[in-house]
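# Overview (structure and organization)
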Amino acid sequence: MDVPPVSLAELLRHPDDLDKITSLKAEYTRKKSAVDSSLRLGLRDQLETTQSGMTGLSDGQKTVQQIKEEMIKIDKICSESQNMISDFATINLVSQAHRNFGAVEAMRRNLETFNERLAGIEEMLREDDEDAENMPNLLAIHYELTQLRNIRDDAIEQISRGDDPSLQSTLEDYFERLDGAVKWFDEHLDLIAMSLISLVTADNNSLVVRFALIIEAEEKSDIRVMALQEALKDHKEIATRFQSITDGAKTVRRYKERFLRIIKEFGETKFQPTRAKFLEDSSQLESSLKWYFNDLNAVRLGMVPLMPKKWRIFRTWAEIYHGLMHDFLVELIDDPEASSAHTLEIISWPEKYYRKMGKLGMKQDELVPHVIDNRETELVRDFRALIIKFLDEWIDRIWAQERKDFENRNADQGGNLDQDEYGFFRTKNLVDLWRMLREQVDAAGNSKRTDVIEGVIDAMFLRLRTRQTAWQKMLEEEEVRLIGEATRGAGQGVEMDGFQSLQDWLVATANDQIACIDDNEDEGRVSYLTDFKKKFAPLVTPGYMDRAEGDVAALRDGYVDLSTWCMTKFTHLVFAVDFKAVMPDFFTPKWYNTTAMSRIVATIEEYVNDYRQVLHYTLLDTFVEIFADELLIRYLGSVRNKGAKFKRTDAYQDKIFDDLSTAFEYFSSLPDAELGDRIKDTWRVTEPFVALLSCPKETVADEFARFKTSYWDLQISWVEAVLRSRDDFERAMLNSVKARAAQMDVVRGVETIMSKVK
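Residues numbered from 1 in each chain as written. Predicted model: local features only at pLDDT ≥ 70, side-chain atom pairs only at ≥ 80, totals over all residues. Heavy atoms only, no water.

Next up on the list: empty space enclosed by the protein. Taken as a whole and judged by the stated rule, the model has three cavities of 30 Å³ or more. Considering only enclosed or pocket space, the largest cavity measures out at about 120 Å³ in volume. As for the largest cavity, its lining consists of 13 residues, of which L430, R467, W471, Q513 and Y559 are closest to the centre. Among the elements of the structure, helix 16 (430-445), helix 17 (450-487) and helix 18 (496-517) are those that each provide at least two residues to the lining of the largest cavity. In terms of residue count, the dominant contributor to the lining of the largest cavity is helix 17 (four residues). For the lining of the largest cavity, the residue count by class is seven nonpolar, three polar and three charged. Size it by volume and the second largest cavity reaches roughly 50 Å³. In terms of lining, the second largest cavity is formed by V601, I604, V624, F627, A628, L631, Y666 and F667. Of all elements in the fold, only helix 21 (596-611), helix 22 (617-637) and helix 23 (652-668) reach the threshold of two or more residues within the lining of the second largest cavity. (1 Å grid on protein atoms, 1.4 Å probe; cavity = no way out; pocket = protein on both sides within 12 Å on 5 of 7 lines; lining within 4 Å. Points joined across faces, edges and corners; volume = space filled by probe spheres on them. Helix = DSSP H or I, 4+ residues; strand = E, 2+ residues; numbered from the N terminus. Nonpolar A, V, L, I, M, F, W, Y, C, P; charged D, E, K, R; others polar.)

Below, the discussion takes up the packing of aromatic side chains. In the structure shown here, the tally under the stated rule is 46 aromatic pairs. Between the aromatic rings of W471 and W505, the centroid separation amounts to 6.1 Å while the plane-to-plane angle is 25°, which identifies the pairing as stacked. With W471 in helix 17 and W505 in helix 18, this residue pair connects regions lying 34 residues apart in the sequence. W505 shares its class with W471; the two are buried. Here the aromatic residues F586, F587, W591, Y592, Y635, F646, Y652, F689, F707, Y711 and W718 are joined through ring pairs into a cluster of three or more. In this structure, R409 packs its charged tip against the face of F406, placed 4.4 Å from the ring centre. (Phe/Tyr/Trp six-rings, centres within 6.5 Å; stacked < 30°, edge-to-face > 60°. Buried < 20%, exposed > 50% of the residue type's maximum accessible area, 1.4 Å probe, protein only. Lys NZ or Arg CZ within 6 Å of the ring centre and 35° of its normal.)

Grouped together as the largest cluster of nonpolar side chains are 111 residues, with contacts concentrated most on F259, Y292, W317, M325, Y353, M357 and F532. Counting residues per element, this core draws most heavily on helix 13 (residues 313-333), at twelve residues. Once you skip the residues sitting within four places of it in the chain, W317 turns out to touch L196, I197, I263, F266, L296, V299 and M303. L417, L475, L482 and A508 belong to the second largest nonpolar core, which has 91 residues in total. (Core = buried A, V, L, I, M, F, W, Y, C linked by side-chain atoms within 4.5 Å. Contact = heavy atoms within 4.5 Å.)

Of note, F667 is situated in helix 23. By relative accessible area, which is 5% here, F667 ends up buried. Separated by eleven residues in the primary sequence, F667 and R678 place their C-alpha atoms 9.3 Å from one another. If near-sequence neighbours (up to four positions away) are discounted, F667 is found in contact with A628, G676, I679, K680 and W683.

Let us look at a nonpolar patch on the surface. A grouping of L139, V209 and L213 is seen on the molecular surface, where their side chains present a nonpolar patch of about 210 Å² in accessible area. The residue L139 is located in helix 4 (residues 138-160) in this model. L139 gets classed as partly exposed once you look at its relative accessible area, which sits at 35%. (Patch = residues over 30% accessible without salt bridge, like charges linked within 9 Å, V, L, I, M, F, W, Y side chains within 5 Å. Areas by Shrake-Rupley, 256 points an atom, 1.4 Å probe, with all protein chains shown as cover. Salt bridge = Lys/Arg side-chain N within 4 Å of Asp/Glu carboxyl O.)

This part takes up the packing of helix 27 (residues 716-725) against helix 28 (residues 731-743). Where helix 27 meets helix 28, the closest approach of the two axes is 10 Å, and the angle between their N-to-C directions is 155°. Viewed along their axes, helix 27 and helix 28 adopt a mutual orientation that is roughly antiparallel. Like other packed secondary-structure pairs, helix 27 and helix 28 cross with a definite hand, here right-handed. Across the interface between the two elements, I716, V719, E720, L723 and R724 from helix 27 touch R731, M733, L734, V737, K738 and A741 from helix 28. Broken down by class, the residue content of the contact of helix 27 with helix 28 amounts to seven nonpolar, no polar and four charged. (Axes fitted to C-alpha atoms, helices over the stretch in contact; angles between N-to-C directions. Parallel < 35°, antiparallel > 145°, perpendicular 65-115°, else oblique. Left-handed = near helix turned anticlockwise from the far one by under 90°.)

Attention shifts here to the side chain of H370. Looking at the element boundaries, H370 is found in the loop between helix 14 (340-359) and helix 15 (376-407). For H370, the residues in contact, after removing those within four places along its chain, are H322, H326, P350, Y354, Q364 and E376.

Turning our eyes to something else, we now look at a negative patch on the surface. Together, E127, D129, E130 and E187 line one region of the surface with negative charge. Ranked by residue count, the leading element in the negative patch is helix 3 (residues 88-130), at three residues. Turning to its location among the elements, D129 is positioned in helix 3. Residue classification places D129 among the partly exposed residues on the basis of a relative accessible area of 41%. (Lys, Arg positive; Asp, Glu negative; His and termini not counted. Charge placed at Lys NZ, Arg CZ, Asp CG, Glu CD.)

In this structure, P369 follows V368 across a cis peptide bond, with omega equal to 0°. Its location among the elements puts P369 in the loop between helix 14 and helix 15. Unusually for a residue other than glycine, R254 sits at a positive phi of about 55°. The residue R254 is located in the loop between helix 9 (236-239) and helix 10 (255-280) in this model.

In structure tokens:
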């Protein structure tokens, strides 16, 4: 589960990610503190080890030098004594012969009794086999075995100085039976070492103490042998003269290292079933590790008084167990069999672990390395990324299906749309989307970590906003394509079905946006967005919830904007197709003899009636108002039509009045009188428009000033087009308007309809 480090640029891809800077800073600060703590601890241990090593080297050098000096003194005394005694050579020869005779006699006795003594050891070993819980002969066996091993080592050493290699082989064959007894005894020690916890728990202190005495004796013997080997290696010339004083063990037997290795093996055997139990049920990590702390507590309370203090047996045991715990958890982190649930348990385990170890007397900085290598942040990020990965996969599948339904909207008679219980058009996948989001919130909530949950919720907010943009882009691209075909003369016959189905999808998409935010307390209906908010609110921190309120509000505004945008695009399609042949005639000579406004109003009324039953009721007024605004914008913009001209001799004012009367008649007939009044107020912008057309040339600047005062966002380019459409247009009229505009200090306010009239 290791992943490469994430760069800051990848973490802060979007403006909204700037909100994460505080949490990222805190995360990196925590991580840096952990690294600093580890470095300090490592440096301290290294300094202590270095200091201890330097002290040991210094003491060793002093000891070696003292031995060297003493041996030189002895050698000097021996040399001087030879000169002092006239017959020293004879005496020395007799003395050596006597010593050699004594050594040979001792060796003969040892060899004669070797097998008998070895048989006694084997008998004691059998007795201990029968009483494995007490092993009464343990110390006696160790003493006898040590004696026999020393005899063997002395014999092998003496024979190795001879000239006949066959004698050494014969001697080794003679001592071969001893190896079996040593192996048998070592098995007894191994059994005790593997059973120390149970022995301490059962208060079998005698066996534990005897075991410790043996290991301590062997440890001292190893230290002595290693010191002698070092001395023999560095001072061969002098040391060869004093070989007779090196009685005892000649080889390092490493029982202490064997004991520590068995502690590790004992722990490993206990971790194996723990691993299987944890993989089977991720909630069993803490319960399956009870033995770990019970063992350490048994060592702390029962074993420490029975072992040499210099061993610091509890700390040693704890450090070995800690290493096993570290390896156990790290292997699980990287184990393909481990699921995200196991990862979550491991993430939350270090805090509990160090708290329990603290109760046993082990501080966190004393336990090296960190039990999971300080990978909590990485694992949290990985788990959060895993949920987000599933989230993205779901959203991608839903989006792919939505695109497929949209592309195939003309293949089926129903246009791949559904209708809800109210009969409103709806797309098919919105319910699945919100259900999936709830499920992923549950998945994040199972972690019981707010950093995971909040990260997932942030990702959901981002992807919901991205979906709004994606829907808008997909619909707009299709709208642009179809309007382009209509403009080029296409859009007839079969192509009209493409317009119809796109209009239906625009309505369905607008309905979907309203469904996301439509809360109706009277009917007990909760919108998808509100339900989503209620789902995650109990799982996050109050501080995050305050920020999430802003994200929810932004999403809500986005849904409103997208629904309005869909209605606007619907009207664009209508004007591009249904009114394509009519709009270019306005304000041209042909306009006076047509009833174009009546046909347009009738068509709009027909569209409203046709979609009244399938469009969400909250959008009906918006639908009508957008139609009215678009018609007004197109109507005023018709002054740019080719051939548009207002002649003083023509009844253009009467014709404009007829058009406005037709439109106002429809607006007055709307079921919502307030809506009709609001639309008519918007349309009253035609009054200054007519005034600008009909006023004398001398007062054009004044009419413009009144117009600009009422509509601050009135555009000079459109005013110029209006003036140029007058048959009495002169350049001076336009200059006077521009001069007046430069003099005016208009107060900016709410955007008016004239901002859209180009």
